[in-house]
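Per-entry structural report
Chain by chain, the residues run as shown.
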Amino acid sequence: MDETGDKKNPVTAAVGEQDITSAVAIAGHPLHAMSVHFPIALVMATLGADIFYWWSADPFWIRAGLWSAGFAFASGVVAGVAGTAELLLVSGIRARVASWTHAIAAMMLLSVAGANWGLRLADETAVLPHGLMLSGLAAVLTGLAGWHGGKLIFHHGVGLMVSAKD
Ligand code: HEM
């Protein structure tokens, strides 16, 4: 049984009746779901750049890591703004514990992603070991946030905009 499907429990039944349709969308396409791919890919790319630098000592990977860390943070903030708007505006999203779990994991990710970029801006050579450690932590937090985001969509059916088939 899913967490909101217990119709005998009046609290979960009341949660199940609330609206879960995306409030931040363009022509039926939710903005948060559209934007999360960028921070996910760029966090992983930063980790990849750091590992290649560790392996090859080629300074190209320092510059690649600096840019990907910056865009991971910036695109994460953009995705976070859309996600926060969904969380605050849609009552059925606000009412679900899974939404807040995802939001906390995502905020931790954004903090680490910001620190990872700031570290490199202040000192490009800080990639080894601190940049690499932050990149590893950001990758783990991305997995955690992404997992809970997917749970919201695929278990709770949150943020969907299902149009009529006819
Ligand atoms: C920082 C505050 C954030 C909040 C409050 C938030 C909130 C939400 C909400 C409410 C949903 C359900 C779908 C919707 O209503 O659009 C969702 C889905 C999702 N979120 Fe976030 N989010 C945040 C940041 C992020 C970040 C930075 C990432 C990237 C790692 C992320 C990854 C995801 C994923 C992968 C989904 C599932 C989307 C899909 O499969 O289409 N979220 N988020």
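Presented here is a report on the structure given in the accompanying data block.

Definitions and cut-offs
- Residues numbered from 1 in each chain as written.
- Predicted model: local features only at pLDDT ≥ 70, side-chain atom pairs only at ≥ 80, totals over all residues.
- Near = placed C-beta within 6 Å.
- Helix = DSSP H or I, 4+ residues; strand = E, 2+ residues; numbered from the N terminus.
- Nonpolar A, V, L, I, M, F, W, Y, C, P; charged D, E, K, R; others polar.
- Buried ≥ 20, exposed ≤ 12 C-beta atoms within 10 Å, placed from the backbone.
- Expected span 1.5 Å × (residues − 1).
- Axes fitted to C-alpha atoms, helices over the stretch in contact; angles between N-to-C directions.
- Parallel < 35°, antiparallel > 145°, perpendicular 65-115°, else oblique.
- Left-handed = near helix turned anticlockwise from the far one by under 90°.
- Contact = placed C-beta atoms within 7 Å.

**Examining the site of the ligand**
What surrounds the ligand is a group of 31 residues, the closest being Gly80, Gly83, Ala106, Gly149 and Gly159. Only helix H2 (31–35), helix H3 (37–56), helix H4 (60–89), helix H6 (97–122) and helix H7 (130–154) provide two or more residues apiece to the shell around the ligand. Looking at side-chain class alone, the shell around the ligand contains 17 nonpolar, 13 polar and one charged residues.

**Observations regarding the environment of Ser111**
The residue Ser111 is located in helix H6 in this model. Expressed as a C-alpha distance, the spacing of Ser111 and Gly76, which sit 35 residues apart in the sequence, is 10.0 Å.

**Notes on the environment of Val112**
Relative to the helices and strands, Val112 resides in helix H6. For Val112, a count of 24 C-beta atoms within 10 Å translates into the label buried. Remark: the alpha-carbon pair of Val112 and Ala139, spanning 27 residues in sequence, is separated by 9.8 Å.

**Looking at H3**
In this model, H3 (20 residues) spans 28 Å end to end at C-alpha, consistent with the 28 Å of a helix rising 1.5 Å per residue. What H3 keeps buried is the set Pro39, Ile40, Leu42, Val43, Thr46, Leu47, Ala49, Asp50 and Tyr53. Just downstream of H3 lies Ala57, where phi reads positive at about 60 degrees.

**A look at unusual backbone geometry**
In this model, Leu128 is joined to Pro129 through a cis peptide bond whose omega is 5 degrees. Within the secondary structure, Pro129 is located in the loop between H6 and H7. Backbone geometry places Ala57, a non-glycine residue, at a positive phi of 60 degrees. Mapped onto the elements of the fold, Ala57 is located in the loop between H3 and H4.

**A few points about the packing of H3 against H4**
Each packed pair of helices is defined by two parameters, the angle between the axes and the distance between the axes. Contact geometry of H3 with H4 gives a least axis separation of 8 Å together with a crossing angle of 160 degrees. Classed by the angle they form, the pair H3 and H4 counts as roughly antiparallel. Taken as a pair, H3 and H4 cross one another with a handedness that is left-handed. Together, Phe38, Pro39, Leu42, Val43, Ala45, Thr46, Ala49, Asp50, Phe52, Tyr53 and Ser56 of H3 and Trp61, Ile62, Ala64, Gly65, Ser68, Ala69, Phe71, Ala72, Ser75, Gly76 and Ala79 of H4 make up the contact between the two elements. Within the contact of H3 with H4, the residues separate by chemical class into 15 nonpolar, six polar and one charged.

**Topic: the environment of Gly83**
Take Gly83: it is sitting in helix H4. With 28 C-beta atoms counted inside 10 Å, the residue Gly83 sits in the buried group. Considered as a pair, Gly83 and Phe154 are 71 residues apart in the sequence and their alpha carbons are 16 Å apart. Among residues more than four places away in sequence, those in contact with Gly83 are His32, Ala103 and Ala106.

**Overview of the packing of H3 against H7**
For the pair H3 and H7, the least separation of the axes is 9 Å and the interaxial angle reads 150 degrees. As far as their axial angle goes, H7 and H3 are roughly antiparallel. When you trace H3 past H7, the crossing you get is left-handed. When H3 is examined against H7, the residues Ile40, Val43, Met44, Thr46, Leu47, Asp50 and Trp54 are found in contact with a partner set consisting of Gly131, Leu132, Ser135, Gly136, Ala138, Ala139, Thr142 and Gly146. In terms of residue class, the contact of H3 with H7 is made up of eight nonpolar, six polar and one charged.

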